[in-house]
Amino acid sequence: MEECLNIASSIEALSTLDSVTLMYPFFYRPMFEIVEDGWSAFLPEKEFEVLSSVTDEWRLSYINKDFSICPSYPPVVIVPRSIDDETLQKVAVYRHGGRFPVLSYYHKKNGMVMMRSSQPLTGTNGRRCKEDEKLVNATLRPGKRGYIIDTRSLNAAQQARAKGGGFEQEVYYPQWRRIHRCIERFNILQESLIKLVEACNDQSHNMDRWLSKLEASNWMTYIKEILTAACLAAQCIDREGASVLVHGTEGTDSTLQVTSLAQIILDPDCRTIQGFESLLVREWLQAGHPFQQRCAQSAYSNSKQKFEAPVFLLFLDCVWQILHQFPCSFEFNEHFLVTLFEHAYASQFGTFLGNNENERSKLKLQQKTMSLWSWVNQPEELKNFQNPLFEANSLVIWPSVAPQSLQLWEGVFLRWNRPSRFLDEAEEEMRRIIDYNRFLLDKVNSMRKQIMQTETEDGMDRMQEVQEEQEEQEVQKVQEVQEMQEVQEVQEMQEVQEMQEVQEMQKVQEVQEVQEVQEVQEVQEMQKVQEVQEVQEVQEVQEVQKVQEVQKVQEVQEVQKVQEVQKVQEVQEVQEMQEVQEMQKVQEIQEVQEMQEVQKVQEMQKVQEIQEVQEIQEVQEIQEVQKVQEMQKVQEMQKVQEIQEVQKVQENP
């Protein structure tokens, strides 16, 4: 026992060295081949390239390149394009620790954004900063409102004003609605972890004692509060179509928990291994979470550090809760989260050393230590962190925060109290089944391709035979056409000759007939001359009579024209009256039609609103069904594990 205590005290002493440069990461030399440099895998410039391909409303600012504006911010931040660096400098003075609002997440679905910062320094006098108001409002779309999620209670936020802090006042931020979601500060969380570890190590096997200690730790309550705040932020962005600003006091603990979990809920990329690593770098390491202070020791240590707190462990626990509810939506498994937890407290890599990018640059970690991601992203290591049940899910996932849905993370807190051999064997068997299933699916797909190729080849052969037959038929048709043309040409020649002979005979007959006709015409002309003279005499008499009749007719026509003109004028007057009446009727009809169209538009809007509500309900139902199915899968796996354990116990009594 004494030796164990000596080992424990030695480990504790080595974990609290006076100088960071004396820690193991500075002396570790990797025994594996470095395929990828983890230090340059997730640079802000690379992340911004993805954002700039979607929108041009944001820009990279290097105002903090020498860490003079904000010691806990990285050298490069993403801010609205309409805000210049001079404005950012004034806003930094107005925010606690210089942590002015910066972009945390851009929702590609509707263009809404999530910003994070620290509390404004309003004080008891209600100090304001117009540059801060301009920066915050620059993230809003025209006609849109935003939400400010304060991770403190209203009472705590008001008390902060007496110490020079405060919150955004509605008078100066009229387009923003402030919501308070109380998340305990880091000093309370350390006490909670100590109580939880004590309960997990209790060997009394008393149920009431275990449940009372678990409840007294309030660990599960803190998980529920953080998940509730993250779901609220995700709901404001995805369902309300509003931008969000998240902050607490310093903006380095609970703020990062909320923004990170909200992105896991909204963005399927953050549920992949590479995406989750990028999220940790962007929202924890670069955002200035003080890992060196928060993860100085552990809950097993007898001494307590002033700034130590399991903020990052609590975040990983929340991620595990979502993974437990949606086991098929994450590319990584529980082992990946446990590995991150272990390396945050004790690691041979320099990723989690230092409290911010400023300290890491001074320690020259990139030159003197190895990145955790260089080891994790090796293909032979990566397969140990992959979830065999993973199926890409592009939808937003909404975790349940009901107390019945939250469970104690046994993989961390009960890892030494439960046998892991059976679980490892069950997981290995599950991997084998899934691999065999994939092998069968690949085989089925290859056989389908072979069948399709065979059918295609048979079809090609048939097509060639049909084409050859068609070509032969076309050749025969061409030959027949040529023969027919030759016969027709011979017949045409014969007909032409016969026609020429007939035409010559007709010409002779026509000449004879013309001579006879000329003789007859001369006799007829003599008779016609006599008849014409007689007709002229009669015509003269008739013309005189016609002139008289025409005069009478003209007189009658003039009288009729006068009467017709009068009638036409009367008709025109009637038509004009009718046109005026018709115009009035048309105007009345148009007014009625306009009223009907307005009513139709209003009805269509109501129908669209009803359809949108129905679509939201359908999406919720689908997600609930997915949750139930995933819970059933997990329950079935648990049942299989229990059956296997019972069988093995029966076999080895």
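Novice: Explain the overall build of the protein to me, please; I cannot follow it from the model alone.
Specialist: Along the backbone of the protein there are 19 helices and seven strands. The C-alpha radius of gyration of the protein comes to 47 Å, more than 25% above the 26 Å expected for a compact globule of 653 residues. Oriented by its inertia axes, the alpha-carbon framework of the protein measures out at about 165 × 80 × 55 Å. Taken across its 653 residues, the protein has 38% of its residues classed as buried. Expressed as a percentage of contacts within the protein between residues at least 6 apart in sequence, the contacts between residues at least 24 apart total 77%. Here the protein has roughly 40,900 Å² of accessible surface; of this, 51% comes from carbon and sulfur atoms. Here the protein contributes 64 positive and 110 negative side-chain charges, whose respective centroids are spaced 20 Å apart.

Novice: In this structure, what is going on with helix H13 (residues 334–345)? I would like to understand it.
Specialist: Because an α-helix packs 3.6 residues into every turn, residues spaced three or four apart end up facing the same way. Here H13 contains twelve residues, and its C-alpha end-to-end distance of 17 Å stays within 8% of the 16 Å for a straight helix at 1.5 Å per residue. Residues of H13 that are buried: Phe336, Leu337, Val338, Thr339, Leu340, Phe341, His343 and Ala344. Those residues of H13 that are buried are in contact with helix H10 (273–285), helix H12 (311–325), helix H16 (372–376) and helix H18 (410–413). The N-cap of H13, judged by a side-chain oxygen 3.3 Å from the amide nitrogen of His335 a few residues on, is Asn333.

Novice: Please explain the pairing of strand E3 (residues 102–106) as it appears in this structure.
Specialist: Burial runs high along E3: five of the five residues are buried. Turn length for the E3-strand E4 (residues 113–116) hairpin, with the two strands adjacent in sequence and antiparallel, is six residues, and the turn residue Gly111 shows positive phi of about 80°.

Novice: In this structure, what is going on with the environment of Ala309? I would like to understand it.
Specialist: Secondary-structure assignment places Ala309 in the loop between helix H11 (291–294) and H12. The exposure class assigned to Ala309 is buried, which follows from its relative accessible area of 0%. Separated by 14 residues in the primary sequence, Ala309 and Cys295 place their C-alpha atoms 6.7 Å from one another.

Novice: I'm lost on the side chain of His107 in this one. Help?
Specialist: Looking at the element boundaries, His107 is found in the loop between E3 and E4. Given a relative accessible area of 4%, His107 falls into the buried group. Among the polar contacts listed, one links the side chain of His107 to the side chain of Asp238, at a separation of 3.1 Å. Discounting residues that sit within four places of it in the chain, His107 has contacts with Met112, Ile237, Asp238 and Leu266.

Novice: How do you make sense of the packing of helix H8 (residues 219–238) against H12 when you look at a structure like this?
Specialist: What describes two packed helices is the angle between their axes and the distance between those same axes. At their nearest, the axes of H8 and H12 sit 10 Å apart, and the two run at 75° to each other. Classed by the angle they form, the pair H8 and H12 counts as roughly perpendicular. On H12, the residues that touch Trp219, Met220, Tyr222, Ile223, Ile226 and Leu227 of H8 are Leu313, Leu314, Asp317, Cys318, Gln321 and Ile322. When its residues are assigned to classes, the contact of H8 with H12 shows ten nonpolar, one polar and one charged.

Novice: Help me understand unusual backbone geometry, please; the structure alone is not making it clear to me.
Specialist: Trans peptide bonds make up the majority, and among non-glycine residues the majority have a negative phi. Look at Phe67: it is not a glycine, yet its phi comes out positive at around 60°. Mapping Phe67 onto the fold places it in the loop between strand E1 (58–61) and strand E2 (77–80). Of note, the phi angle at Asn218 is positive, near 65°, even though the residue is not glycine. Residue position: Asn218 is located in the loop between helix H7 (207–217) and H8. Owing to a relative accessible area of 32%, Asn218 belongs among the partly exposed residues under this scheme.

Novice: Can you help me understand the packing of aromatic side chains in this one?
Specialist: To describe a pair of aromatic rings, you give the distance between the ring centres and the angle between the ring planes. Tallying each qualifying case throughout the model produces 22 aromatic pairs. Arranged with centres 6.1 Å apart and planes meeting at 65°, the rings of Phe276 and Phe336 form a pair that is edge-to-face. With Phe276 in helix H10 and Phe336 in helix H13, the pair connects residues that are 60 residues apart, well separated along the chain. Neither residue differs from the other here; Phe276 and Phe336 are each classed as buried. Seen from their ring centres, Phe341 and Tyr345 are 5.5 Å apart, and the 65° between their planes marks the pair as edge-to-face. On the criterion of helical spacing, the pair formed by Phe341 and Tyr345 is a turn pair, its members being four residues apart in helix H13. The positively charged end of Arg294 is found above the aromatic ring belonging to Phe186, 4.0 Å away from the centroid.

Cut-offs and rules
- Residues numbered from 1 in each chain as written.
- Predicted model: local features only at pLDDT ≥ 70, side-chain atom pairs only at ≥ 80, totals over all residues.
- Heavy atoms only, no water.
- Helix = DSSP H or I, 4+ residues; strand = E, 2+ residues; numbered from the N terminus.
- Rg over C-alpha atoms; globule rule 2.2 N^0.38 Å.
- Buried < 20%, exposed > 50% of the residue type's maximum accessible area, 1.4 Å probe, protein only.
- Contact = heavy atoms within 4.5 Å.
- Areas by Shrake-Rupley, 256 points an atom, 1.4 Å probe, with all protein chains shown as cover.
- Lys, Arg positive; Asp, Glu negative; His and termini not counted.
- Charge placed at Lys NZ, Arg CZ, Asp CG, Glu CD.
- Expected span 1.5 Å × (residues − 1).
- Polar contact = N/O pair within 3.5 Å; in protein donor to acceptor, adjacent residues only side chain to side chain.
- Pairing = 2+ DSSP bridges.
- Axes fitted to C-alpha atoms, helices over the stretch in contact; angles between N-to-C directions.
- Parallel < 35°, antiparallel > 145°, perpendicular 65-115°, else oblique.
- Nonpolar A, V, L, I, M, F, W, Y, C, P; charged D, E, K, R; others polar.
- Phe/Tyr/Trp six-rings, centres within 6.5 Å; stacked < 30°, edge-to-face > 60°.
- Lys NZ or Arg CZ within 6 Å of the ring centre and 35° of its normal.

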